[in-house]
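Per-entry structural report
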Amino acid sequence: MSLRDNGRLSRRELLKALTLCAAGASTLGTVLTGCRDALVTPERLERLGGQRTARLDGKPRFLIVVGATGGASIVDGMLAVRGSEAGANAATLNTFPDAQVQDVPGSPFRAVKVDSRKLGSIPIPVKTDQLPFVKKHKDTMLVATTVGTSVNHAIAQKRSLTGNAIWRGRTLQECMALQYGAGFAIPNVNMAAGGYSERGTDDALPAHCFGEVVANPSLWPLGLDGGKGIKDAPPRDVLALARGTRNTLDSRSVFGQTFDNAQALQRWNEQRIVGQPALEMKDLITRLNILPDSPPRIPLTEYGLDSSPDGARLREVFPEYFTDPIQGQAAMAFLLLKYRVSVSVTLGPSFNVVVGGPVGIANPPLAFDISHNDHRTGQAFMWARVMGVVDKLIELLKAEPFDDSGESMWDRTLIYVATDFGRTRTRTANAAEFGSGHDLNNGVLLLSPMLRGNTVLGGVDPLTTLTYGFDPRTGAPEPGKVSSNEADIFSGLLHTLGVDTSGSGLPDASAFARG
């Protein structure tokens, strides 16, 4: 496919691509890759950091971002501090009774066990035990201590994805889509909320790098086909003729001729003329559809639709998929990776209350930020919620082959539990129930076979319960280091995922990856 002088595909070439779509040509993937990058000139590629060669040379890797909305405190999890370790300060710091902090055999991690009668003003029982999760996944877990630069939810959430705009404002997800996503239908899917759902600020990136925001993962697949699911819809060939006529008329209209060179219209034409038929060829309306055929409420067969081949299994793993957003998001994340639709998927709880689950409340108000009202049980409840979903996702990915090499999807996937910030460490003396505010000091949880597993980068000072930093290149702890290291986390993730960062100026953060 060639480019006109203005860097745009001719209408004849777009219509040729549409014809290939209708015919089901085996060359469609190449055509789409060319179309998707049609506006990327050699000069632009140079500005992008020379990543094209790296992307074409290797197999894809995958990123799942789980936004721990509200501020997941690492000292209420893998770096918890016992009261006996904090000395005279124990009574006024966020330390635990010794029995509630469990050691993990052969690991630097810890696990918290909490049994509370209520969650703040919500009278529901909270019983959580992190030990089974940590013991099961410790060899693929890495905790890196962090110091952020904002305690505003939206700003801090976005900075957790951009390393505080360290690389032209690109998000981790956009970097993944640039590196691996050119041959994927929707490389970057974002189901999260707030700052976790925002795109970066590097407008020079190809359009396919930016996130496709999905509000309802259970219903979204039904919108991925323009003809299927409509009663008495015309056959595909008739629909293709109608679309072709529409495209011709649009191009000859006053509007089409006036704004012929506008990038927004070019992008719209590409998505409508090439992208839409390509999505329909992949039958994503079926493959990604978790809903069962259950008349009269959901009469799929009546509309010529069917449930995904993986639907029954996912409904068993995530039984609250339709009413609990994070379960629905996790199920969709698995399907998007399995069917090679995306290389990056973002999910996570919102601030909204979700009714359901075994205790009547699946998501408390404000998610992790309910810690303002009741820190201890709020953190325990939300950590259990995140760990439960992550555990199920890992098991699904382990059971899914990547290719015929013997690798599983999990072997090539990294889960990043991003967080807004940490929580303040002080409490009223010996209080079992207390509130906490926002704090820059914290740590993040990463999971992947590609990581240096069973590892803590940095550490925690038991006398203050504040974390300290580390050398991002060697991993050596640096007690007393409390400067911001958002760029190190960003760089470490990209390094582990094999993203080419040539020319980026990012710090060497090779301590994250398995040697």
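Our subject is the structure listed above.
Calculation criteria
- Residues numbered from 1 in each chain as written.
- Predicted model: local features only at pLDDT ≥ 70, side-chain atom pairs only at ≥ 80, totals over all residues.
- Heavy atoms only, no water.
- Helix = DSSP H or I, 4+ residues; strand = E, 2+ residues; numbered from the N terminus.
- Contact = heavy atoms within 4.5 Å.
- Areas by Shrake-Rupley, 256 points an atom, 1.4 Å probe, with all protein chains shown as cover.
- Buried < 20%, exposed > 50% of the residue type's maximum accessible area, 1.4 Å probe, protein only.
- Pairing = 2+ DSSP bridges.
- Core = buried A, V, L, I, M, F, W, Y, C linked by side-chain atoms within 4.5 Å.
- Axes fitted to C-alpha atoms, helices over the stretch in contact; angles between N-to-C directions.
- Polar contact = N/O pair within 3.5 Å; in protein donor to acceptor, adjacent residues only side chain to side chain.

Notes on the overall build of the chain
The secondary structure content of the chain amounts to 15 helices and 18 strands. A sequence separation of at least 24 residues applies to 71% of the contacts in the chain between residues at least 6 apart. Total accessible area on the chain stands at roughly 20,800 Å², and carbon and sulfur atoms take up 55% of it.

Remarks on the pairing of strand E8 (residues 344-347)
Covered by surrounding structure in E8 are Ser344 and Thr346 together with Val345 and Leu347, the residues of both alternating faces. As paired strands, strand E1 (residues 62-68) and E8 are joined by four bridges and run parallel to one another. The residue bridging Val65 from the neighbouring strand is Thr346, located in E8. Looking at chain direction, strand E6 (residues 188-190) and E8 are connected through three bridges and run parallel. Across the sheet, residue Asn190 finds its bridge partner in E8, namely Thr346.

Focus: the side chain of Ser491
Within the fold, Ser491 resides in helix H15 (residues 486-496). Leave out the neighbours within four places in its chain, and Ser491 touches Leu506, Pro507 and Ala509.

What about the pairing of strand E4 (residues 126-129)?
Here E4 shows one buried face, formed by Val126 and Thr128, and one open face, formed by Lys127 and Asp129. Both strand E3 (residues 110-116) and E4 contribute to a ladder of four bridges, which runs antiparallel. Bridge pairing in E4 links Val114 to Thr128.

Things to note about the sheet that holds strand E14 (residues 441-447)
Overall, mixed pairing links the eight strands, which are arranged E7-E6-E8-E1-E11-E14-E5-E15 in an open sheet. Of all the strands in the sheet, just strand E7 (212-213) and strand E15 (455-457) have a single pairing partner and so form its edges. Bridge count for strand E5 (residues 141-147) against E14 is seven bridges, and the pairing is antiparallel. Bridged to Leu142 within E14 is Leu446.

Thoughts on unusual backbone geometry
Cis geometry is adopted by the peptide bond preceding Pro296, which originates at Pro295 and carries an omega value of 0°. At Asn164, a position not held by glycine, the phi torsion is positive, near 60°. In this structure, Asn164 sits in the loop between helix H6 (153-162) and helix H7 (172-180). The phi angle at Arg168 is positive, at roughly 60°, despite the residue not being glycine. Within the element layout of this structure, Arg168 appears in the loop between H6 and H7.

Considerations on the nonpolar core
As a rule of thumb, nonpolar side chains are buried together in soluble globular proteins. Counting 115 residues, the largest nonpolar core has Met78, Tyr416, Leu447 and Phe512 as its most contacted members. When residues in this core are grouped by element, the largest group, twelve residues, is from helix H14 (residues 375-398). Among residues more than four places away in sequence, those in contact with Leu447 are Phe133, His137, Thr140, Met141, Val390, Ile394, Trp410, Thr413, Leu414, Ile415 and Val417. With five residues, the next largest nonpolar core counts Ala177, Leu178, Cys209 and Phe210 among its residues.

Some thoughts on the sheet that holds strand E2 (residues 101-103)
If you trace the three strands from one edge of the open sheet to the other, you get E2-E3-E4, paired in antiparallel fashion. Pairing within the sheet leaves two strands with one partner each, and these edge strands are E2 and E4. Pairwise comparison of adjacent strand axes, ignoring direction, gives a mean angle of 25° for this sheet. Note: E2 against E3, three bridges, orientation antiparallel. Bridge pairing in E3 links Asp103 to Arg110. Here H14 sits on the sheet in contact with E3 and E4, set at roughly 60° to E4.

Quick notes on the side chain of Arg376
Here Arg376 lies in helix H14. For Arg376, a relative accessible area of 7% translates into the label buried. A polar contact is formed between the side chain of Arg376 and the side chain of Asn94, at a distance of 2.6 Å. Among the polar contacts made by the side chain of Arg376, one reaches the main-chain carbonyl oxygen of Thr95 at a distance of 3.2 Å.

Concerning H6
In terms of burial, H6 is largely enclosed, as seven of its ten residues are buried. Within the sequence span of H6, burial applies to His153, Ala156, Gln157, Lys158, Ser160, Leu161 and Thr162. The elements touched by buried residues of H6 are E1, H7, strand E11 (413-419), strand E13 (438-439) and H15. Between a side-chain oxygen at the N-terminus of H6 and the backbone nitrogen of Ala154 the separation is 3.2 Å; the capping residue is Asn152. Once H6 finishes, Gly163 follows within two positions and takes phi at roughly 60°, a positive value.

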